[in-house]
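Spelled out, the chains give:
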Amino acid sequence: MALPSAVRLLPEVADAVAEGRPVVALESTIIAHGMPYPQNVETARRVEGLIRAGGAVPATIAVVDGAFQIGLDAELLERLGTADNVAKLSRRDLPMAIATKRLGATTVATTMIGARLAGISIFVTGGIGGVHRGAEQSFDISADLTELSRTNVGVVCAGAKSILDLPKTLETLETLGVPVIGYQTDRFPPFYARTSDLPVDHRAESAAEIAAILAAKWALGLDGGAVIANPAPVETALPPDEIESFIAQAIAEARAQGVRGKAETPFLLKRIAELTGGRSLTANIALVENNAHLGAAIAVALAGRRAFG
């Protein structure tokens, strides 16, 4: 597969893709903007280890030294987790970051782009972006949603981040034709909590079933990804009413301080972690690890389908 000159694969990832072995993409915004150091780097390494244990090769994605870097070695991972002023990159930001050789962390949208360029079909994250609360005034809607409608990557997540307007997010995904698949659940998980009163499009009981759905979608030429919604672990999930009160407080503070756009999500996640005494961070780490188990299983199942036609 011929790659653009600005796309660089870690040799391990390049070999796995070329041989048709399972690979799982991972975002880097969670490292640079989603968690404090050293939990960010420790979590990234642990998640990569879980994916390896599940039989797949991890490929954490970032923009480094003027290239879309698909797969990070230990030195690059540490650099991303400790550097100041790492850019948060969505689709519109990629050309500038690559041209100016700025160190950048990829969001869901840009990780999907990088994964697709590299030939990777499965991506694990914490929660997708979506329609922000108050979007009817601000028009603040994450580029993750439009990317899901056009880029052929399955995204394993614990639903959408609880700070969002979840009903509007699901309505937008429906309009864009993006399937929302609940893994062993009929309800859309709201990130920190396990369940909501919002239904998913389809409930799947196994990784093999999810792989079959993705294969059928793409075989029909239906471009775009799918949201694979995996509820947070019971042990660390937070009660919905409790987390909602903290989210409301954090959003009110963000509004009062004029925090908008790209800065809003990192601000809210940090403030919620403070308000919950760190329990939201614990929940965040646990759900990403839980998603890694499922993502690896889906990647293995999908690679198996391709190997046997």
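Overview of the structure. (Residues numbered from 1 in each chain as written. Predicted model: local features only at pLDDT ≥ 70, side-chain atom pairs only at ≥ 80, totals over all residues. Heavy atoms only, no water.)

## Considering the overall build of the chain
When helices and strands are counted, the chain shows 13 helices and 11 strands. Over its C-alpha atoms, taken along the principal directions, the chain stretches across nearly 50 × 45 × 35 Å. Every one of the 309 residues in the chain was classed for burial, and the buried ones make up 56%. Carbon and sulfur atoms provide 55% of the accessible area of the chain, an area that totals close to 12800 Å². (Helix = DSSP H or I, 4+ residues; strand = E, 2+ residues; numbered from the N terminus. Buried < 20%, exposed > 50% of the residue type's maximum accessible area, 1.4 Å probe, protein only. Areas by Shrake-Rupley, 256 points an atom, 1.4 Å probe, with all protein chains shown as cover.)

## A closer look at the pairing of strand β3 (residues 57–64)
Counting buried positions along β3 gives eight out of eight residues, so the element sits mostly inside the fold. Side chains of β3 alternate between two faces, with V57, A59, I61 and V63 and P58, T60, A62 and V64 buried alike. Here strand β2 (residues 23–26) pairs with β3 via four bridges, running parallel. Within β3, the residue paired with V23 across the bridge is V57. Note that β3 and strand β4 (residues 67–70) share four bridges and pair antiparallel. Along β4, the bridge assignment pairs I61 with I70. Hairpin connection, β3 to β4: the antiparallel pair is bridged by two residues, and D65 has positive phi, about 50 degrees. Here β3 runs beside strand β6 (residues 104–106); their pairing, made up of two bridges, is antiparallel. Looking at the pairing, A62 lines up with A105 of β6. (Pairing = 2+ DSSP bridges.)

## With respect to the environment of E264
Note that E264 resides in helix α12 (residues 264–275). For E264 and D140, which are 124 residues apart along the polypeptide, the C-alpha to C-alpha distance reads 10 Å. E264 has contacts with H132, D140, R255 and V259, leaving out every residue within four places of it along the chain. There is a polar contact of 2.5 Å between the side chain of E264 and the side chain of R255. (Contact = heavy atoms within 4.5 Å. Polar contact = N/O pair within 3.5 Å; in protein donor to acceptor, adjacent residues only side chain to side chain.)

## Looking at the pattern of salt bridges
Considering all chains together, one arrives at 17 salt bridges under this definition. Taking the shortest distance from any N to any O, the salt bridge between R21 and E19 comes out at 2.7 Å. Residue R21 is classed as partly exposed on the basis of its relative accessible area, which comes to 38%. With relative accessibility at 54%, the residue E19 sits in the exposed group. With a shortest N-O distance of 3.1 Å, D165 and K168 are connected by a salt bridge. (Salt bridge = Lys/Arg side-chain N within 4 Å of Asp/Glu carboxyl O.)

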